[in-house]
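Read off the chains here:
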Amino acid sequence: MGQSAKAIRQNRTITVDFQDQSTYFQLLSDGKAFVEFVLAFLLALGFQRSHKATCGGGGCLTRHSHYARVRLGGLSIWRMQCTSCKAVFTVLPHFVLRYRRMSPDVARHALIATHGGLSLEWCATIYNISPMALYHFICALGQHRLVTVFVKCRLALPVSILADEKHSRCLTDRVYLPTIVSGRVIWHLGYSASKSAAAFTESYGEFQHMASHTDPAYQVKGALTDGFDSTASSMRTLFPRARLGNCLRHALNKLPSKLIGLSAPIRQDLRSKFHALLHRCRQRQSLRVVALGQRLRHFADHITTTVGEAHGERVRNWFRDKKAGWYAVLADPRMPASSTLLDQAHNAIDRKLFAMKGFHHPSGRQAALLTGLAHLYNLIPYQRRALHAGQCGVEVEGGVLPTPDWMLNLQILSSGGYQCAAETPHH
Ligand SMILES: [Zn+2]
């Protein structure tokens, strides 16, 4: 019966910060004080516990049972019960990781090193753990959905998004990582063996599903893509009311390839004229779309007169295909103009993909590992610029974190027993 019983059992672990190990051991011998401490921590956090579906959440907590963690030298772990729905919560002290012998302090350093691009093997060597243990820990983090964690951080669902795929390899096979970014946070980091529209729709659909579960009225207003067909069509399927934009920086980089056979200086000159054109349109406060239409026409005419009709025609056709996407960017000031922030996220993930080469095999847990890495990207403080120095992506985007300590936040936010107060209890 083990397997099926395990599958239904909900993770109702709640990580509680006892500040000090000795506080925890003192409280263990005083049941009333223990319950009070836990309740005070929950209140300060502002989270609900995930009760059973039938429970209004008003019930109190009582001590239920306890067990000894043999692998942690017989450490006592208490379980508490909701007095109304009888849901049982495991109270995990902050200095213990769920089902793991690895201490949070070791994990903190190993995760920072992983996030910084050091291979799992090297992290394991430095911190005297097994590479597999670190791999499994990141995969366990990846069991928690990005959207669910953001909701706990009170981060609003994004109005406009950047969507693009990272190309990678699994041994010799080409694979794709469909990604959604908004500002400094990754909302989705999927994994697909195919670059078909159906495969991308399925991957991006995970975000759409989680977002509409959080807010049934949620709509993406604008999505910026690099114009790849599968991406654009999956965005159209999932977010039929979103305007699809094309990245202006991609456009700039693409222009020289439309001017085949011309000398480098001439192509360079035309590229910088095109750059000035896009820049001036972005600077305008009003009628940006009209201004762009006129300027694109003039620019194509300019190419015809200076380097010939064939080039003018090719550029004109290209403008015709792409301009709707550029209009979408200029029409809404909330739309990102370029995919730079997504490229930065991909570059950060790239180092880890290289680092995980030994674990990258067809039967690996790619989806879980990638989501785990995305959590690190979102929650580890790394901003260097003065405005957001020392903040993590979630903070930069206006999220609220449970504590000032990122590792503790990771433990609390990935505790299955917590849910956001705004959400009604379910399951
Ligand atoms: Zn309850």
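Residues numbered from 1 in each chain as written. Predicted model: local features only at pLDDT ≥ 70, side-chain atom pairs only at ≥ 80, totals over all residues. Heavy atoms only, no water.

## Focus: the coordination of the zinc ion
Coordination of the zinc ion by the protein involves His51 (ND1), Cys55 (SG), Cys82 (SG) and Cys85 (SG), with metal-donor separations of 2.0 to 2.3 Å. Between consecutive donors of the zinc ion, the numbers of intervening residues give the motif H-x3-C-x26-C-x2-C. Here His51, found in the loop between strand S2 (47-49) and strand S3 (61-69), pairs with Cys82, found in strand S4 (residues 75-82); they are 31 residues apart in sequence, far enough to count as distant. (Donors = N, O, S within 2.8 Å, 3.2 Å for Na, K, Ca; no water. Helix = DSSP H or I, 4+ residues; strand = E, 2+ residues; numbered from the N terminus.)

## Side note on the sheet that holds strand S6 (residues 160-170)
An order of S8-S7-S6-S9-S10 is seen for the five strands of this open sheet, with the pairing classed as mixed. Lying at the two open borders of the sheet, with one neighbouring strand each, are strand S8 (185-189) and strand S10 (243-246). Averaged over neighbouring strand pairs, the angle between their axes works out to 30 degrees when direction is ignored. As paired strands, strand S9 (residues 222-225) and S10 are joined by four bridges and run parallel to one another. (Pairing = 2+ DSSP bridges. Axes fitted to C-alpha atoms, helices over the stretch in contact; angles between N-to-C directions.)

## Thoughts on the confidence of the model for the protein
Residues at a pLDDT of 70 or more form 94% of the protein, whose mean pLDDT is 88. In this model, residues 1-7 is a region of pLDDT below 50 whose contacts with residues beyond four sequence positions or in other chains number zero contacts. When the criterion is pLDDT under 50, residues 422-427 qualifies, and its contacts beyond four places in sequence or with other chains add up to 13 contacts. (pLDDT = per-residue confidence, 0-100. Contact = heavy atoms within 4.5 Å.)

## Quick notes on the side chain of Ser230
Its location among the elements puts Ser230 in helix H9 (residues 229-238). From its side chain, Ser230 meets the backbone oxygen of Lys195 in a polar contact 2.7 Å long. (Polar contact = N/O pair within 3.5 Å; in protein donor to acceptor, adjacent residues only side chain to side chain.)

## Some thoughts on the sheet that holds S3
Here four strands make up an open sheet; going across it, the order is S1-S5-S4-S3 and the pairing mixed. Two strands in the sheet have a free side with no partner beyond their single neighbour: strand S1 (13-16) and S3. Neighbouring strand axes in the sheet, compared pairwise and without regard to direction, differ in orientation by 30 degrees on average. Inspection of the sheet shows S3 paired to S4 by eight bridges, in the antiparallel sense. Of the residues in S4, the one forming a bridge with Ser65 is Arg79. The sheet strands contacting helix H2 (residues 21-28) are S3, S4 and strand S5 (88-93), and the helix crosses S4 at an angle near 65 degrees. Across the sheet, helix H3 (residues 31-45) is in contact with S1, S3, S4 and S5; its angle to S3 comes to roughly 105 degrees.

## As for the pairing of strand S7 (residues 173-182)
Among the 10 residues that make up S7, eight are buried, leaving the element largely enclosed by the rest of the structure. Joining the antiparallel neighbours S6 and S7 is a turn of two residues, in which Leu171 adopts a positive phi near 55 degrees. Across four bridges, S7 lies against S8 in antiparallel orientation. Following the sheet pairing, Thr179 is matched in S8 by Leu189. (Buried < 20%, exposed > 50% of the residue type's maximum accessible area, 1.4 Å probe, protein only.)

## Here's the deal with the nonpolar core
Residues Phe34, Val38 and Phe274 are the most contacted members of the largest nonpolar core, which totals 127 residues. The greatest single-element share of this core, amounting to eight residues, is contributed by helix H15 (residues 366-379). Leave out the neighbours within four places in its chain, and Phe274 touches Ala251, Leu252, Leu255, Leu296, Phe299, Trp318, Phe319 and Trp326. (Core = buried A, V, L, I, M, F, W, Y, C linked by side-chain atoms within 4.5 Å.)

## Considerations on the pattern of salt bridges
Per the stated rule, a full pass over the model turns up 10 salt bridges. A salt bridge links Asp301 to Arg316; its shortest N-O distance comes to 3.2 Å. Taken together, the positions of Asp301 in helix H12 (residues 288-307) and Arg316 in helix H13 (residues 309-331) put the pair 15 residues apart, joining distant regions of the chain. Shared partners join several salt bridges into a network, and the residues in it are Asp301, Glu309, Glu313 and Arg316. (Salt bridge = Lys/Arg side-chain N within 4 Å of Asp/Glu carboxyl O.)

## Some words on the packing of aromatic side chains
By the definition in use, this model includes 24 aromatic pairs. Here the aromatic rings of Phe18 and Phe34 are separated by 5.7 Å at their centres, their planes lie at 25 degrees, and the arrangement is stacked. Residue Phe18 is found in the loop between S1 and H2, and its partner Phe34 is found in helix H3; the two are separated by 16 residues along the sequence. Each member of the pair Phe18 and Phe34 is classed as buried. Members of the aromatic cluster, connected to one another through ring pairs, are Phe18, Tyr24, Phe25, Phe34, Phe37 and Phe95. In this structure, Arg63 packs its charged tip against the face of Phe34, placed 5.0 Å from the ring centre. For Arg108, the ring lying beneath its charged end belongs to Trp406, and the centroid distance is 6.0 Å. (Phe/Tyr/Trp six-rings, centres within 6.5 Å; stacked < 30°, edge-to-face > 60°. Lys NZ or Arg CZ within 6 Å of the ring centre and 35° of its normal.)

## Focus on the packing of H15 against helix H17 (residues 406-413)
Look at H15 against H17: their axes get within 11 Å of each other, and the N-to-C directions meet at 135 degrees. As the angle between them shows, H15 and H17 are arranged oblique. Handedness of the H15/H17 crossing: right-handed. Across the interface between the two elements, His375, Leu376 and Leu379 of H15 pack against Trp406, Leu410 and Leu413 of H17. Tallied by class, the residues present in the contact of H15 with H17 amount to five nonpolar, one polar and no charged. (Parallel < 35°, antiparallel > 145°, perpendicular 65-115°, else oblique. Left-handed = near helix turned anticlockwise from the far one by under 90°. Nonpolar A, V, L, I, M, F, W, Y, C, P; charged D, E, K, R; others polar.)

## A short note on unusual backbone geometry
Although it is not a glycine, Lys86 adopts a positive phi angle of roughly 70 degrees. Overall, the relative accessible area of 47% leaves Lys86 in the partly exposed class. Unlike most non-glycine residues, Tyr99 shows phi in positive territory, near 60 degrees. Within the secondary structure layout, Tyr99 lies in the loop between S5 and helix H4 (104-115).

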